[in-house]
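# Per-entry structural report
Here is how the chains run, residue by residue.
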Amino acid sequence: MTLPVAVSVPGSAEARLLAGWEPLRRELVVVRRCPDVADLLAAAGAGLVRAVVVGADLPGCDSETVEAFRRWGVALLVLLPEGAGGEAAERRWRAVGALRFAGEDRPAPDLAREVALAVEAVRAEDDGDADPLGGAAEPTPGPLGPAVPGRTVAVWGPHGSTGRTTVAVNLAAELALADQAVLLLDADTRGAAVGQVLGLLDEAPGLLAALRSAADGRLDVAALRRHAAAVAPGLAVLTGAGDPARWSEVRPAAFRRVLEVGAAGHDWTVVDLPGGTDDLPDGFDGGRGRDAVTAAALEAAEVVLVTGTADPVGLQRFLRTWQRMPDLAPDALVLPVVTRVRASAVGGSAARRTTSTLHRLGGVEAPVLLPEDEAADTALLAGRTLAEVAPRSGLRRAVRRLAEHLEAVVDLPEDTVDLPADPGFDRLLARR
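Residues numbered from 1 in each chain as written. Predicted model: local features only at pLDDT ≥ 70, side-chain atom pairs only at ≥ 80, totals over all residues. Heavy atoms only, no water.

Naming follows an unreviewed UniProt entry, where the protein chain appears as MinD-like ATPase involved in chromosome partitioning or flagellar assembly of Kineococcus radiotolerans.

Once that is clear, we can look at the packing of helix α8 (residues 206–215) against helix α10 (residues 252–265). Geometry of a packed helix pair, given as the angle between the helix axes and the separation of the axes. Taken N-terminus to C-terminus, the directions of α8 and α10 make an angle of 100 degrees; their axes are 8 Å apart at the nearest point. Classified by the interaxial angle, the pair formed by α8 and α10 is roughly perpendicular. Here Leu 207, Ala 210, Leu 211, Ala 214 and Ala 215 of α8 lie close against α10, whose contacting residues are Ala 254, Phe 255, Arg 257 and Val 258. Partitioned by chemical class, the residues of the contact of α8 with α10 number eight nonpolar, no polar and one charged. (Axes fitted to C-alpha atoms, helices over the stretch in contact; angles between N-to-C directions. Helix = DSSP H or I, 4+ residues; strand = E, 2+ residues; numbered from the N terminus. Parallel < 35°, antiparallel > 145°, perpendicular 65-115°, else oblique. Contact = heavy atoms within 4.5 Å. Nonpolar A, V, L, I, M, F, W, Y, C, P; charged D, E, K, R; others polar.)

Now for the pairing of strand β4 (residues 75–80). Along β4, six of the six residues are buried, which leaves the element largely enclosed by surrounding structure. With burial as the criterion, each face of β4 is covered, one bearing Ala 75, Leu 77 and Leu 79 and the other bearing Leu 76, Val 78 and Leu 80. Pairing of strand β3 (residues 51–55) with β4 involves five bridges; the strand directions are parallel. Pairing of Val 54 across the sheet is with Val 78, part of β4. Each parallel crossover has a hand, and the one from β3 via helix α3 (residues 63–71) to β4 is right-handed. (Buried < 20%, exposed > 50% of the residue type's maximum accessible area, 1.4 Å probe, protein only. Pairing = 2+ DSSP bridges. Right-handed = clockwise from strand over helix to strand, strands pointing away.)

Taken together, the side chains of Val 29, Val 31 and Leu 48 present a nonpolar region at the surface, about 210 Å² in accessible area. Locating Val 31 in the fold gives a position in strand β2 (residues 28–33). Under the relative-accessibility criterion, Val 31 is labelled partly exposed at 43%. (Patch = residues over 30% accessible without salt bridge, like charges linked within 9 Å, V, L, I, M, F, W, Y side chains within 5 Å. Areas by Shrake-Rupley, 256 points an atom, 1.4 Å probe, with all protein chains shown as cover. Salt bridge = Lys/Arg side-chain N within 4 Å of Asp/Glu carboxyl O.)

Before going further, it helps to spend a moment on the sheet that holds β3. The strand order across the open sheet formed by five strands is β2-β1-β3-β4-β5, and the pairing between neighbours is parallel. Strands with a single pairing partner mark the edges of an open sheet, and in this sheet they are β2 and β5 (101–103). On average, each strand axis in the sheet is tilted by 30 degrees relative to the strand beside it, whichever way the strands run. As defined by bridge partners, strand β1 (residues 3–8) adjoins β3 across four bridges and the pair is classed as parallel. Paired with Val 5 across the bridge in β3 is Ala 51.

In structure tokens, the structure reads:
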């Protein structure tokens, strides 16, 4: 079967390549010579080709380009120059997600076989078979840091003010106080607020700068640290874009690279995510919806904290989200976190009643309960963490216990308490 291929190799190498492939027209046919990345993407997106062959110095190729080829099932082969230039180019292309390479000076029949193997590898991946080349990408050496990456914690929950940012900021601070290297990443594409909560008046969001470096294959641990703001010993922050209109700049492929580098250079990466699941299914399919970044974070996270508020509306929204977690984060340790626990919203014995209600209505075991506390307002007004402004507050102590449990990588020990059913409260939840 003849393989249709698009080629974009700057310089004289393209002419030599095409001349060498001329006798191989029964095996491989070049259907388009593309002058730039836009033309390559047009050909691949239209289904005209099954593989693209590009020169290592083709301008404009980034992680989104490679992701698009993968999404469309089009194989990518990168031709590398000889020597140190080829080694540097391979590192850069691997950083943006490319997996298969060949020397540009190899004989044309050998390159044709490389193209066929790349196409077969893509087909095997689509079918769920093993890659015939043994195909997992090699870990990027050197600047990524330690061989064993740190842990990624995604702080998420339903729509509304569930305390995600408060939990993320103060959890990161507590982990840093425990002599851990922590990266706090504000990925809230609907209302990034970590910078404001911490008093960082940064009009150039660090996350967007890191994403641009990641998309170009230039992001390593050292570059990530340059983009991050150091707010305390062991705690670095990548601020998000405060303008929700800039959500499209947070592209999933580059974001996954930021998470990878963050985990390589830190013991913990804590990600503050937007609430809700409006576009989440599209995100898992490689789409470009607003919640694609949430999908990427949930997929990468070892721990997911699902937050909700202790009131009838908040608990109802929490339970709906909690029921989706086996599908959204099947491999993560998922912990329920209920914020603003107070008797005025759920009745007397607020902590026990909240725990019992979640267990009875949703099978939720041992939720982490964070009390309503004026210390949260004090910290927000000061632009500081709870540990700095209210170290003895009940909320701070609760977050510190959560950090200690995460460090131990065990389920929370608190047992579920079954209280007698409260028909009035249950009916209120059911009406929502």
